[in-house]
Amino acid sequence: MADQREQYTNPKYYQNRELSWLQFDRRCLSEARNKDNPLFERLKFLSITASNLDEFFMVRIASLQDMVNAGYKKRDIAGMTAKEQLDAIIEDTHNFMQSQYWTYNHQLLPGLRENGLDVVESYKKLTPEEKSFVDEYFINEVFPVLTPMAVDNSRPFPLVSNKSLNICALLTRQEGTGQGIPGYLQKPKKPAKESKETRALKAARNAGELRAVLDEVKEAKAAKEEAKAAKEAAKAAREKDPNAPKPAKEAKEGKDGKEGKGGKNKEAKTGKDNKEKDLFQYATVQVPAVLPRILELPESENRRVIFLEEIIRHHLDSLFLNYDVVCAYPYRVTRNADLTIDEDDASDLLKEIEKQLKKRQRGYAIRLEVEHGMDPRLLDFLKKEFSVSQEKIFEIEGPLDLTFLMKLYGLDGFEWLREDRYARPQEIPRLPAGCNIFEQIRGGDIFMHHPYQTFQPVVNFVAQAAEDPQVLAIKQTLYRVSGNSPIIAALAKAAENGKQVTVLVELKARFDEENNIVWARMLEHAGCHVIYGLAGLKTHSKITLVVRREDDGIRRYVHLATGNYNDTTAKIYTDIGLMTCRDDIGEDATSAFNMLSGYSEPRYWNRLALAPLWLKDRFLYLIDRERDHVLRGEKGLIRAKMNSLCDPDIMSALYEASAAGVRIELIVRGICCLKVGIPGVSENIRVRSIVGNFLEHSRIFYFENAGRPEVYAASADWMPRNLDRRVEILFPIEDKEIAKKVIHILDVEMADTVKAHILKPDGSYERVDRRGKDLIDSQRVFCDEAVKEAQEAERPRGERVFVPAEPAAEE
Amino acid sequence: MANLFGAIDVGSHEMELKVFELSKKNGIRQIDDVIHLIDLGSDTYNDGKISVVHVAEIKRILLDFKRIMDGYGVTNCQAYATSAFRDMENATVVLRQIEQETGIHVEILANSEQRFLDYKSIASKGEEFNRVIQKGTMIVDVGGGSIQISLFAKDRLVLTQNMLLGILRLNELLGRIGAGSHKTRELVEEMVNSQLHVFERLYLQNMKIKNVIVVDDYISEVVRKNKVSFQTRMTDTLEKTKQNGEFISVRDFRHFMAAMERYNRTELAQRLGIEDDNVPLLRISAIMMRCIADRVNAELFWFPCVTLCDGIVYEFAEKRRYLKAPHDFEQDILACARQIGRRYRSSEERANTIARIALKIFDSTRKFHGMSAREKLLLEIASTLYDCGKYISMTNFSECSYNIIKSTEIIGISKIEQEIVACVVRFNHERYSYQKLIAEQSPLGEEQCMTIARLTAILRVANALDRSHRQKFDDLQIRIQDRKMFILVETGEDISLEKGLFSQRADFFEEVFGIRPVIKQKKG
């Protein structure tokens, strides 16, 4: 059987995952270009594509770069080496970013203007009133927080932090001023007009100077360390692969040592360099992140905004007294941020992550974005300073870092440009406000579909448990929690009320570590038993267990979900959740927490399947079972919805099942390495992706099982990282009515004609051909259904108010 | 309201906590099961002491167990340590330390007590257990160093025997011989068969065995995992074991073994979802089970997949009367004692008479001795075995009885209790001496010596009343009045022999209880 599967592992049957991911970002971009969407929503989509891409650079491209640097030769599932992937992706991202800016410049900007919002690109285009407003703003708000840095022999290029926006300037010395010292460090020769304002300015500047000097000292140290680390890394890489070329600098030094002449040449060259440097001086200043990126100008006919970097650029000469600013351009650098921690060496994970976070600022540069038309001298200078190769430089026609569009989206007003066709989260009929959740759960399993239905009951579940005198213990996994999370507050409260609270805080949630450490500490202070998961495995499962002592014994209430315990994202991500007090699931929940606390695997599982030990086998079993059913002449059908599909074992099993005749319908939002329509391999597989108003996030799995269908939900995608390196939970949907609802979700999404994109055999995605079909936007359908359901539930409850109250029975 | 109970087992390779909920209505319900792997066994092998590192680990885990128990509002907790601790030199010191720091008192179980709890754990399976033992049943309790084979006939435990065929021991032996894996089968079969042969000849005789109940760590793990877990990639044959759950016919078991032979160690570990290191042990275990089943022509295996903790809670539930119809283990202990008596050809009839009289005296004088049901059980065992030494020597039989009882395993009683029974039998005939007891029997404390004295006094009187071995005192009544115990015998027979020899026994009884036994005959 294994041999049979082998034939489905041919690289030509697979798509590279990074290229597939870029396809996904293209689908997001297509929503930004989709005229059916309100204009402001399109801004949001474009912003999302940009922040997605940032992360993609910091993590995926960076790790490919690491592989290339380390001389890693292994090919991916699609048969590409790291180098090949990197080349293909860099090329693709150049095209992609061009599309992003084309959309911004040619679709969104004109659209905004038509709707009465001007994005002013240059200070020069401001009216005189606006100019004085902006000048005032600069002096009062911006100037005090700026830290200009000059670069020369004694002052190395400062550390520019990841994703920050900066302005680089080329300066020349004004005649008759001190040599090589930037103006801001000099005492003015003649007293300037001593207005109050300038005195204040000076004071602020002095503070700034002090900071700058201190920072420089610190950073010089950091740079040294970094250089040392880099050298060691290079050495390590060389030891692994003796054929790798030596770093240029060392090679050169070696050469210089041998040939006496080399030294002279070098001196001569340096001399020339110095001359040029005498003429020009480089400086850089960070656009402060503490200030809003866009400034709204005083009301005129149209509402108008201007970029912070444009304001700074215009006032740059006030930072460099005695110097002329020849030119100045914004730039932005994206660094390697893939967080890898050796947990075996890290005795205290918490401390280790704090350390890594500091290091993250100093990852090497993976992308340099500069404004189109940047002075070649400046560009050369930056290229050298960040040691990036040409293909990693992106010249941008427009404002750098499009995530500012989210800020634009946040402007008040413009209601007619926002989405209002999607209803707000609705009340869940089984869980009306003020109900006793435990009582409701005892009445039968409760299903929740977010964000169509409110997430509040999940918060209430923990909050009620915290106050309920019968509750003994609460256990919960927390992966990404929102700021000011009410769940965290409830957990802390529970601990204060003497409940035994065990919280698994996953510190390794990408880009969220800082947040998580704060929560972890806070919960510990409140008296919670905080655990940090298992070494080497991210805890991605979402599960809450409440142990309650009732008259007839201990009863366990469990909440299982596909989405995080984050009340903010629960308004944007589509997820499903289940509340139950079934004994078998309760037992499994207890076992799961025992395992997460570091105890041995339980003697058995009743209903749940956990990654990394059992989940993949479970999925493979379920897929193979469909295949076997078909081979026995039954009908075979697999339907699965997830965020990404790239696990090789699962995909080859799917191919085998498809080849046997199992119909396979997949709803994969993001990466999909599987190809459709390969003759004899994947002709029975259909893949669609839904990119809509909400982020599709639930994972649902349906297996026909020869007429005895089984429905599951999980926290895991079909990705190696989910199945092999994370703690994930698959839970069955056993209640018949709930199973119907879950199957209905799949039905409607399969019928979506508005937000669905269909994967074609050539690997591209196309929108659904709507000819002869109804317009079905699955997300809107779910909204409407949730509204209807809530309204229907409302009615009988209203009537019940009139039922006369009976005197309380004697107990 | 239900009672919550924590059972802790500090074993030689793992520590386990099970939390149970006990109620009259629902009996025993398991709430939580926490397992922590810890290799205490190798400490024993290395230098006979528990290492400092392990002591610290035990404390840490026990503290966490305590936290977990608190989380459920556990009110009672029983912790036992087994073989690893039993053989440790520094066990007492360590346990004292542990108790001081964790507040958990850990008791060390004797082999027979541990085995007894294992039976209780099987009994905790309730109806299934009762159903299985209706037919001739053998329990094979497989440990690392030895195995314990026990026989059930008509739902009574009748015999138990320890054999040095523990899995780790066999594995080590095979390693020393340097046998390749293909030789494993032959060698294991040979070793097992030679011992089984003796067992069969001496103990099994004509008993028919239909069922074999297996308590082990390896096959049970496979059965358990493949029954309910999601380990599903198995061959069809292996699949079958899954279908039938914990019960496997001997025929299917043979298929299972044949299937096992087709895979190498790594493949097997993967397919069965067990540790690679455990595969050789699984093989040995399986070969041994097949040998046993073949030898006795058994038809069905049962793997109840229980642990010591299940036995611990069963014991507690029994004591607190949470069980509706518990299996009567005292009867098993007595059945075992009777079986020993039979082996040494004691007169069963006589033993029964003496026991009946002794128990009657015990019950009537409760106010004076204050002993519990447990001591009563010991008295009954002692009465049953009161003259087993005669099998060896008619003259020196008290010494011989003592030695027989001391070296025979009586399931369900502790080492100390065994010592008590042996002494009671011995002093039934020998002069009782406190000094001698204290001097010779260092493990016995003052309290135990008192128990011996009390039980001896009762047994002696009972024995004296049946001096002629003709069961003249079938029907007797006891009345206590004015510090005298009147033994009213309704018999037409001549009891002058008994009366004549009685006074010496009566002296000792009076010395111990402060009341004097007096025989009164009422001719019927």
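Scoring rules and cut-offs
- Along each chain, residues carry numbers from 1 onward, in the same order as the chain's sequence is written.
- Starting at A for chains and at 1 for ligands, labels are handed out in the order in which the entities are written.
- pLDDT decides what is reported in this predicted model: residues at 70 or higher carry local features, side-chain atom pairs at 80 or more are listed and counted, and totals for whole chains, interfaces and linings draw on all residues regardless.
- Helix and strand assignments come from DSSP, with helices taken as H or I runs of at least 4 residues and strands as E runs of at least 2, each series counted from the N terminus.
- Partly exposed residues are those falling between the two cut-offs: more than 12 but fewer than 20 other C-beta atoms within 10 Å of their own, whereas 20 or more means buried and 12 or fewer means exposed, with C-beta atoms placed from the backbone.
- Here the contact rule is simple: place C-beta atoms from the backbone, and any two residues whose C-beta atoms are within 7 Å are in contact.
- Here the rule is simple: two strands pair whenever DSSP picks up at least two bridges between them.
- Domain ranges listed in this record stem from an automatic or a database domain assignment.
- Three categories are distinguished: nonpolar for Ala, Val, Leu, Ile, Met, Phe, Trp, Tyr, Cys and Pro, charged for Asp, Glu, Lys and Arg, and polar for the others, with Gly belonging to the last.
- Only C-alpha atoms enter the line fits that serve as axes; for helices the fit covers just the stretch in contact. Angles between N-to-C directions range over 0 to 180 degrees.
- Each crossing gets its hand from how the near helix is turned against the far one by less than a right angle, where anticlockwise is left-handed and clockwise is right-handed.
- pLDDT expresses, on a scale from 0 to 100, how confident the predictor is about each individual residue.
- Remark: nonpolar core denotes a set of buried Ala, Val, Leu, Ile, Met, Phe, Trp, Tyr and Cys residues whose joining runs through C-beta atoms within 7 Å.
- Multiplying 1.5 Å by the helix residue count minus one yields the expected span of that helix.
- Two axes define the bend at a residue: one fitted to the seven residues ending there, one fitted to the seven starting there, and the bend is the angle between them.
- An angle counts as roughly parallel when it lies under 35 degrees, as roughly antiparallel when it exceeds 145, as roughly perpendicular when it falls between 65 and 115, and as oblique in every other case.

Colleague: Outline the overall build of chain A, listing residues and values.
Modeller: Helices and strands together make up the secondary structure of chain A, namely 22 helices and 27 strands. Residues classed as buried in chain A amount to 42% of the 811 residues present. When contacts within chain A are restricted to residue pairs at least 6 apart in sequence, those whose partners lie at least 24 apart make up 75%.

Colleague: For the pairing of strand β4 (residues 280-286) of chain A, give the residues involved together with the corresponding values.
Modeller: Pairing between strand β2 (residues 148-151) of chain A and β4 of chain A: 4 bridges, direction antiparallel. By the bridge assignment, Pro-148 of chain A is partnered in β4 of chain A with Val-285 of chain A.

Colleague: Lay out the domain arrangement of chain A in plain terms, naming residues and giving numbers.
Modeller: Interface extent is often summarised as the accessible area lost during association of the parts. Residue and element names in this part refer to chain A. You can read the domains of chain A as domain 1 (2-116 + 413-417), domain 2 (122-250 + 279-397), domain 3 (437-607) and domain 4 (610-796). Taking the mean C-alpha position of each, domain 1 and domain 4 sit 23 Å from one another. Between domain 1 and domain 4, the residue contacts involve 16 residues of the former and 18 residues of the latter. Within the residue set of the side of domain 1 that touches domain 4, elements represented by two or more residues are α1 (2-6) and α2 (17-32). Considering every element that reaches the side of domain 1 that touches domain 4, the biggest residue donor is α2, with 8 residues. When its residues are assigned to classes, the side of domain 1 that touches domain 4 shows 7 nonpolar, 5 polar and 4 charged.

Colleague: How would you sum up the environment of Val-134 of chain A? Please name residues and give values.
Modeller: Locating Val-134 of chain A in the fold gives a position in helix α5 (residues 128-142). Residues contacting Val-134 of chain A, with those up to four places away along its chain left out, are Tyr-123, Leu-126, Ile-306 and Ile-311 of chain A.

Colleague: Please set out the packing of helix α2 (residues 52-72) of chain B against helix α4 (residues 91-102) of chain B residue by residue, giving values where relevant.
Modeller: Residues and elements named next belong to chain B. Contact pair α2 / α4: the axes reach a minimum separation of 10 Å and the direction vectors enclose 40°. At the point where α2 passes α4, the crossing takes the right-handed sense. Side by side, α2 and α4 meet where Val-55, Ile-58, Lys-59, Leu-62, Leu-63 and Lys-66 of the first sit next to Val-94, Gln-97, Ile-98, Glu-101 and Thr-102 of the second. When grouped by side-chain class, the residues that make up the contact of α2 with α4 number 6 nonpolar, 2 polar and 3 charged.

Colleague: I'd like a description of the interface of chain A and chain B, backed by residues and values.
Modeller: Taken together, the contact pairs 21 residues of chain A with 24 residues of chain B. Every element with two or more residues in the side of chain A that touches chain B is listed here: β11 (471-478), β15 (542-550), β16 (553-561), α17 (583-596) and α18 (615-631) of chain A. It is α18 of chain A that provides the largest number of residues to the side of chain A that touches chain B, a total of 3 residues. Classifying every residue of the side of chain A that touches chain B by side-chain character gives 11 nonpolar, 6 polar and 4 charged.

Colleague: Describe in detail the confidence of the model for chain A, supporting the description with residues and values.
Modeller: Residues and elements named next belong to chain A. Mean pLDDT over chain A stands at 83; residues scoring 70 or higher make up 80%. A low-confidence stretch, residues 180-203 stays under pLDDT 50, and its non-local contacts, those more than four residues away or across chains, total 25 contacts. Note that residues 341-347 has pLDDT below 50 and, in this model, 9 contacts with residues that lie over four places away or in other chains.

Colleague: Please set out the nonpolar core residue by residue, giving values where relevant.
Modeller: Counting residues in each nonpolar core, the largest one holds 363 residues, and the members touching the most others are Leu-491 and Leu-645 of chain A together with Ala-382 of chain B. For Leu-645 of chain A, the residues in contact, after removing those within four places along its chain, are Met-651, Leu-666, Val-668, Ile-671, Cys-672, Cys-673, Leu-674, Asp-717 and Trp-718 of chain A.

Colleague: Tell me about unusual backbone geometry, and please be specific about residues and values.
Modeller: With the exception of glycine, the majority of residues adopt a negative phi angle, and the majority of peptide bonds are in the trans configuration. All names here are of chain A. That bond from His-450 to Pro-451 is cis: its omega, 0°, falls within 30 degrees of zero. Following Ala-611, the chain continues into Pro-612 via a peptide bond in cis, with omega recorded as 0°. Its identity as a non-glycine residue notwithstanding, Phe-414 has a phi of 55°, on the positive side. By the element assignment, Phe-414 lies in the loop between α12 (404-409) and α13 (437-442). In this structure Phe-414 comes out as partly exposed when scored by C-beta crowding, with 17 C-beta atoms within 10 Å. A positive phi angle, close to 45°, is found at Ala-706, a residue other than glycine.

Colleague: Lay out the sheet that holds strand β3 (residues 27-37) of chain B in plain terms, naming residues and giving numbers.
Modeller: All names here are of chain B. Judged by pairing direction, the sheet is mixed, and its 5 strands sit side by side in the order β3-β2-β1-β4-β5 without closing on themselves. The open sheet has two edge strands, β3 and β5 (106-108), and neither has a second partner. Recorded for the sheet is a direction-independent mean angle of 20° between the axes of neighbouring strands. In this structure, strand β1 (residues 3-10) lies alongside strand β2 (residues 14-23), joined through 8 bridges in antiparallel fashion. Residue pairing for β2: Asp-9 is matched across the bridge by Glu-16.

Colleague: Explain helix α19 (residues 648-660) of chain A residue by residue, including any values.
Modeller: Here α19 of chain A contains 13 residues, and its C-alpha end-to-end distance of 18 Å stays within 8% of the 18 Å for a straight helix at 1.5 Å per residue. Burial in α19 of chain A covers these residues: Ile-650, Met-651, Ser-652, Ala-653, Leu-654, Tyr-655, Ala-657, Ser-658 and Ala-659 of chain A.

Colleague: Summarise helix α3 (residues 39-69) of chain A; cite the residues concerned and give the values.
Modeller: Residue and element names in this part refer to chain A. Helix length check: α3 (31 residues) gives 43 Å between terminal C-alpha atoms against 45 Å at 1.5 Å per residue, within 8%. In α3, a bend of some 35° at Phe-57 exceeds every other bend along the element. Looking one or two places after α3, you find Gly-71, whose phi comes out positive at around 70°.

Colleague: Report on the packing of helix α16 (residues 348-364) of chain B against helix α18 (residues 373-384) of chain B, specifying residues and quantitative values.
Modeller: Residues and elements named next belong to chain B. At a minimum axis separation of 8 Å, α16 and α18 run at an interaxial angle of 155°. The pairing of α16 with α18 is recorded here as roughly antiparallel in orientation. The way α16 lies across α18 gives a crossing that is right-handed. Across the interface between the two elements, Ala-351, Ile-354, Ala-355, Ala-358, Leu-359 and Phe-362 from α16 touch Lys-376, Leu-379, Glu-380, Ser-383 and Thr-384 from α18. Broken down by class, the residue content of the contact of α16 with α18 amounts to 7 nonpolar, 2 polar and 2 charged.

Colleague: Describe the pairing of β3 of chain B, listing the residues and the values that go with them.
Modeller: Each regular strand carries side chains that alternate between the two faces of the sheet. All names here are of chain B. Direction of pairing for β2 relative to β3: antiparallel, over a ladder of 10 bridges. Note that in β3 the partner of Lys-18 across the bridge is Asp-33. Turn length for the β2-β3 hairpin, with the two strands adjacent in sequence and antiparallel, is 3 residues.

Colleague: Which residues make up the environment of Ile-671 of chain A, and what values do they have?
Modeller: Residue and element names in this part refer to chain A. Looking at where Ile-671 falls in the secondary structure, it is placed in the loop between β20 (663-668) and β21 (685-690). A residue is classified by how many C-beta atoms lie within 10 Å of it, and Ile-671, with 24 of them, is buried. With 285 residues separating them along the chain, Ile-671 and Phe-386 place their C-alpha atoms 31 Å apart. Sequence-distant contacts of Ile-671, that is, excluding residues within four places in its chain, are made with Arg-17, Ser-20, Trp-21, Phe-24, Ser-644, Leu-645 and Cys-646.

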